[in-house]
Amino acid sequence: MERAVALVKNKFLIAGLAFVVWMCFFDRYDFATQYGYQKERNKLQYEKEFYTTEIGNLEKSIKDAQYNPNEIQRIARERYKMKKDNEDIYVISEIESSDK
């Protein structure tokens, strides 16, 4: 019992506990803030990875569009509706019906 009272009266122990409580809950970099920062960091890393792969895909597409004749032909047919002289093209578009 005397030892427990001596521990409670120990000013270094009290100061240490107060410091730990302050740093864990009241400081600018408390646990909740650190958790939020870590969550945001993980999200940003995921976005970085996504955009890095997207950039790689776009660079590959640009390279294909510049040098691959089949890719150039595909782009011309899809985007610009170009055709060969002996072909017929039918463009099918969907029309939304309004039932009221």
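Residues numbered from 1 in each chain as written. Predicted model: local features only at pLDDT ≥ 70, side-chain atom pairs only at ≥ 80, totals over all residues. Heavy atoms only, no water.

**Topic: the pattern of salt bridges**
Counting across every chain of the model gives four salt bridges. Note that arginine 74 is salt-bridged to glutamate 71, the shortest N-O span being 2.5 Å. Within this pair, arginine 74 and its partner glutamate 71 are both found in helix H4 (residues 69-80), separated by three residues, close to a single helical turn. You can call arginine 74 partly exposed: its relative accessible area is 37%. Among the ionic pairs, arginine 77 bridges to glutamate 87, the shortest N-O distance being 2.9 Å. You can see arginine 77 sitting in helix H4 and its partner glutamate 87 sitting in the segment after H4, a full ten residues away along the chain. Take arginine 77: its relative accessible area is 29%, and that puts it in the partly exposed class. When salt bridges that share partners are traced, they join Glu71, Arg74 and Glu78 into one network. (Salt bridge = Lys/Arg side-chain N within 4 Å of Asp/Glu carboxyl O. Helix = DSSP H or I, 4+ residues; strand = E, 2+ residues; numbered from the N terminus. Buried < 20%, exposed > 50% of the residue type's maximum accessible area, 1.4 Å probe, protein only.)

**What about the packing of aromatic side chains?**
Counting across every chain of the model gives two aromatic pairs. Taken together, a centroid distance of 5.6 Å and an interplanar angle of 40° make the contact between tryptophan 22 and phenylalanine 26 tilted. Placement of the pair is tryptophan 22 and phenylalanine 26 together in helix H2 (residues 11-26), with a separation of four residues, close to one helical turn. Ring centres of phenylalanine 50 and tyrosine 51 lie 5.2 Å apart, and the angle between their planes is 70°; this geometry places the pair in the edge-to-face category. (Phe/Tyr/Trp six-rings, centres within 6.5 Å; stacked < 30°, edge-to-face > 60°.)

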